[in-house]
Amino acid sequence: MRKLLLLAVLSIPVPMQAQTASGTNPLAADVERLSAELNPQVVAWRRDFHRNPELGNRETRTARVIADELRKLGFTVTTGVATTGVVGVLKGGLPGPVVALRSDMDALPVTEQGDLPFRSTAKTQWNGQDVGVMHACGHDNHMAILLGAATALARMKDRLPGTVKVIFQPAEEGLPPGEVGGAEQMVKEGVLENPRVDAIFGLHVYPYPAGTVVYRPGPMMASADTFLITIKGRQTHGAVPWGGIDPIVIGSQVVMGLQTIISRTVNITEAPAVVTVGRFTGGNRSNIVPESVELEGTVRSFNEEVRKGIHDRIRAIATHYAEAAGATATVEIGRGTTYPVTINDPALTERMLPTLRRAAGADNVRLGPLVGTAEDFSFFQQKVPGLFVFLGVTPRNQDAAAAAQNHSPLFFADESALPVGMRVMTNLALDYLFGGSAATVTGR
Ligand SMILES: [Zn+2]
Ligand SMILES: [Zn+2]
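Okay, so let's go over this structure. (Residues numbered from 1 in each chain as written. Chains lettered and ligands numbered in written order. Predicted model: local features only at pLDDT ≥ 70, side-chain atom pairs only at ≥ 80, totals over all residues. Heavy atoms only, no water.)

From N to C terminus, the chain includes 13 helices and 18 strands. Relative to the globule expectation of 22 Å for 444 residues, the C-alpha radius of gyration of the chain, 24 Å, shows essentially globular dimensions. The principal-axis extents of the C-alpha atoms in the chain amount to approximately 85 × 50 × 45 Å. Counting the 444 residues in the chain, one finds 55% classified as buried. (Helix = DSSP H or I, 4+ residues; strand = E, 2+ residues; numbered from the N terminus. Rg over C-alpha atoms; globule rule 2.2 N^0.38 Å. Buried < 20%, exposed > 50% of the residue type's maximum accessible area, 1.4 Å probe, protein only.)

Have a look at this one:
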């Protein structure tokens, strides 16, 4: 089916003629017009979401607003996907591939400190504590941009050669204890099937100059895995250590052993990685050797093989060091939030680069560095080719390097980036459906 379409596109001169100032797809001029026309609505959505943030797996109002809008636009809507997720399908008037666009929906337990007129005053409970709630990671922008793109695409429905699936995903920031959700759960519930998705696109706001689009082929954001090592020795008097097995000394050896994973076994010319022990807990007074200790930490990597290798080394070091001392160790890796490496499909990235340049302006698109945070968009990319990009939101008259980071109570997103994001997402979908960029690549 896809091959046939590609041949059709290559043999018909129309898309090539359309590769003029207006762009690669024949609807690019419409996108340009609609990004201006729809911008007041996109801004209004963004402010409404910002004022009404909800934590992961609790995005019920958010989901209702999104589902209502998508239904009005003529999408076939499924709600309750991975708890609160919303999926909309728009079948174009012409045959073609299926492209997915994804936005996350959740906010964070952060009390907003800025003075926006539409700032959040929401409060809730998180881990038994009273907390403020804020879209401190900027997912309000992502939702508004995707609703804007959905509106534009709905207006072109009859002329679309293929199907658009919009995925509004809950709980990107992690889950309440004991719950399932997020991208991994959406994939398990079949969000990439029926109709089967051929490619997926997503973006994230970031403290780069407003309107900048930053991309990276291949690995882009790190994997993240939490580990917990419990070392069980034998309690004894601190003055008679030979009467027991000291888990503090063994735990210390394990911490030092873990330091050799990156320094001695990871090929750092291929991809960097990090192993950090962030918690070392055990004992309660000076003259008691405790029964057990706990080490908790995180692993970050940019390569799935390296990631698995590090996990194996952590298990081996903890259990064998403990065994050598007559103790036992249990190792749990991947407790709570555990995300794969965010890997942009290199061919898809190359194919869509002209789209990014056209949508954001060539001067505003640049290659970015590796980023040590993680994204569960990676679960979609494990199943289908995907491209994830950063959208700059720091006001142009400010120093982006000094701007408040995502998750800060002062995180600020300049709304001048919204129409850029909307053009990027809409044109990624259109260029993919029309196959215009594929024709360009094939012709090289
Ligand atoms: Zn975040
Ligand atoms: Zn985020």
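Here the narrative resumes.
Counting 71 residues, the largest nonpolar core has L70, L101 and F168 as the members making the most contacts within it. With eleven residues, helix 12 (residues 418-434) is the single largest residue contributor to this core. The residues contacting F168, other than those within four sequence positions of it, are I66, L70, G85, V86, S103, M105, M143, L146, L147 and M186. (Core = buried A, V, L, I, M, F, W, Y, C linked by side-chain atoms within 4.5 Å. Contact = heavy atoms within 4.5 Å.)

What follows covers the coordination of the zinc ion (ligand 2). Perfect tetrahedral coordination of a metal by four donors corresponds to 109.5 degrees between them, and perfect octahedral coordination by six donors corresponds to 90 or 180 degrees. Of the protein atoms, only C137 (SG), H139 (NE2) and H204 (NE2) coordinate the zinc ion (ligand 2), at distances of 2.1 to 2.4 Å. Spacing between the donor residues of the zinc ion (ligand 2) along the chain follows C-x1-H-x64-H. In this structure, the zinc ion (ligand 2) lies 3.1 Å away from the zinc ion (ligand 1), the two metals sharing C137 as a donor. Residue H139 is found in helix 6 (residues 139-155), and its partner H204 is found in strand 7 (residues 199-209); the two are separated by 65 residues along the sequence. For H139, a relative accessible area of 0% translates into the label buried. (Donors = N, O, S within 2.8 Å, 3.2 Å for Na, K, Ca; no water.)

Quick look at the sheet that holds strand 14 (residues 292-301) now. Reading across from one edge, 12-14-10-15 is the order of the four strands in this open sheet, with antiparallel pairing throughout. At either margin of the open sheet sits one strand with a lone partner, and together these are strand 12 (273-282) and strand 15 (328-339). Ignoring strand direction, the axes of neighbouring strands in this sheet form an average angle of 20°. The strands touched by helix 8 (residues 247-265) within the sheet are strand 10 (223-232), strand 12 and strand 14, with strand 12 carrying the most contacts at an inclination of about 170°. Each of strand 10, strand 12, strand 14 and strand 15 touches helix 9 (residues 304-324); the most contacted strand, strand 15, lies at about 155° to it. (Pairing = 2+ DSSP bridges. Axes fitted to C-alpha atoms, helices over the stretch in contact; angles between N-to-C directions.)

This part takes up the coordination of the zinc ion (ligand 1). Distances from the zinc ion (ligand 1) to its protein donors, C137 (SG), E173 (OE), E173 (OE) and H407 (NE2), fall at 2.0 to 2.7 Å. What the four donor atoms of the zinc ion (ligand 1) show is an angle range of 52 to 146° at the metal, which sorts the shape as irregular. If you list the donors of the zinc ion (ligand 1) from N- to C-terminus, the spacing comes out as C-x35-E-x233-H. Under the relative-accessibility criterion, C137 is labelled buried at 7%. (Tetrahedral: all angles 85-135°; square planar, octahedral: opposite > 155°, others 65-115°.)

The end-to-end C-alpha separation of helix 4 (residues 39-51) is 18 Å, in line with the 18 Å expected for 13 residues at 1.5 Å each. Residues of helix 4 that are buried: V42, V43, W45, R46, F49 and H50. Looking straight down helix 4, one finds that the buried residues subtend no more than 160° of arc, so they occupy a single side. For helix 4, the secondary structure elements touched by its buried residues are helix 5 (60-73), helix 6 and helix 12. (Expected span 1.5 Å × (residues − 1). Arc of directions from axis to C-beta.)

To continue, consider the pattern of salt bridges. Evaluated as defined, the whole model comprises 22 salt bridges. A salt bridge links E37 to R155, with the shortest nitrogen-to-oxygen separation between them at 2.9 Å. Taken together, the positions of E37 in helix 3 (residues 28-37) and R155 in helix 6 put the pair 118 residues apart, joining distant regions of the chain. The exposure class assigned to R155 is partly exposed, which follows from its relative accessible area of 47%. Across the pair R58 and E179 runs a salt bridge, and its minimum N-O distance is 2.6 Å. Of this pair, R58 sits in the loop between helix 4 and helix 5 while E179 is found in the loop between strand 6 (161-169) and helix 7 (182-188), placing the two residues 121 residues apart along the sequence. By relative accessible area, which is 40% here, R58 ends up partly exposed. The exposure class assigned to E179 is partly exposed, which follows from its relative accessible area of 28%. (Salt bridge = Lys/Arg side-chain N within 4 Å of Asp/Glu carboxyl O.)

Right, let's talk about the environment of L160 for a bit. Topologically, L160 is positioned in the loop between helix 6 and strand 6. Exposure remark for L160: the relative accessible area of 0% places this residue in the buried category. If sequence neighbours within four positions are ignored, L160 has contacts with L27, L90, G92, G93, L94, L153, L430 and L433.

A word on the packing of helix 8 against helix 9. Here helix 8 crosses helix 9 at 150°, and the two axes come no closer than 9 Å. On the basis of the axis angle, helix 8 is roughly antiparallel to helix 9. In terms of crossing hand, the pair formed by helix 8 and helix 9 is right-handed. Residue-level inspection shows I250, Q253, V254, G257, L258, T260, I261, I262 and T265 of helix 8 in contact with helix 9, the latter providing I310, R313, I314, I317, A318, Y321 and A322. Partitioned by chemical class, the residues of the contact of helix 8 with helix 9 number eleven nonpolar, four polar and one charged. (Parallel < 35°, antiparallel > 145°, perpendicular 65-115°, else oblique. Left-handed = near helix turned anticlockwise from the far one by under 90°. Nonpolar A, V, L, I, M, F, W, Y, C, P; charged D, E, K, R; others polar.)

Moving on: the packing of aromatic side chains. What the rule picks out here adds up to eight aromatic pairs. Seen from their ring centres, F377 and F380 are 6.0 Å apart, and the 70° between their planes marks the pair as edge-to-face. Of this pair, F377 and F380 both sit in helix 11 (residues 377-381), three residues apart, roughly one helical turn. This pair shows no difference in class: F377 is buried, exactly as F380 is. Ring centres of F388 and F390 lie 6.4 Å apart, and the angle between their planes is 75°; this geometry places the pair in the edge-to-face category. Taking relative accessible area as the criterion, F388 reaches 0% and is therefore assigned buried. Ring-pair connections join several aromatic residues into one group, and the members of that group are Y206, Y208, F377, F380, F388 and F390. (Phe/Tyr/Trp six-rings, centres within 6.5 Å; stacked < 30°, edge-to-face > 60°.)

Moving on to the sheet that holds strand 6. Reading across the sheet, the eight strands line up as 1-2-6-3-7-18-8-17 and stay open at both edges, with mixed pairing between neighbours. Here the strands that pair on one side only, and so sit at the sheet edges, are strand 1 (76-81) and strand 17 (365-367). Looking at each pair of strands side by side, their axes are set apart by 25° on average, direction ignored. Summarising the sheet, strand 3 (residues 94-104) and strand 6 pair through eight bridges and their orientation is parallel. Among the inter-strand pairings, A100 is bridged to a residue of strand 6, identified as K165. Contacting strand 3, strand 6, strand 7, strand 8 (213-215) and strand 18 (386-394), helix 12 runs over the sheet at an angle of about 150° to strand 3.

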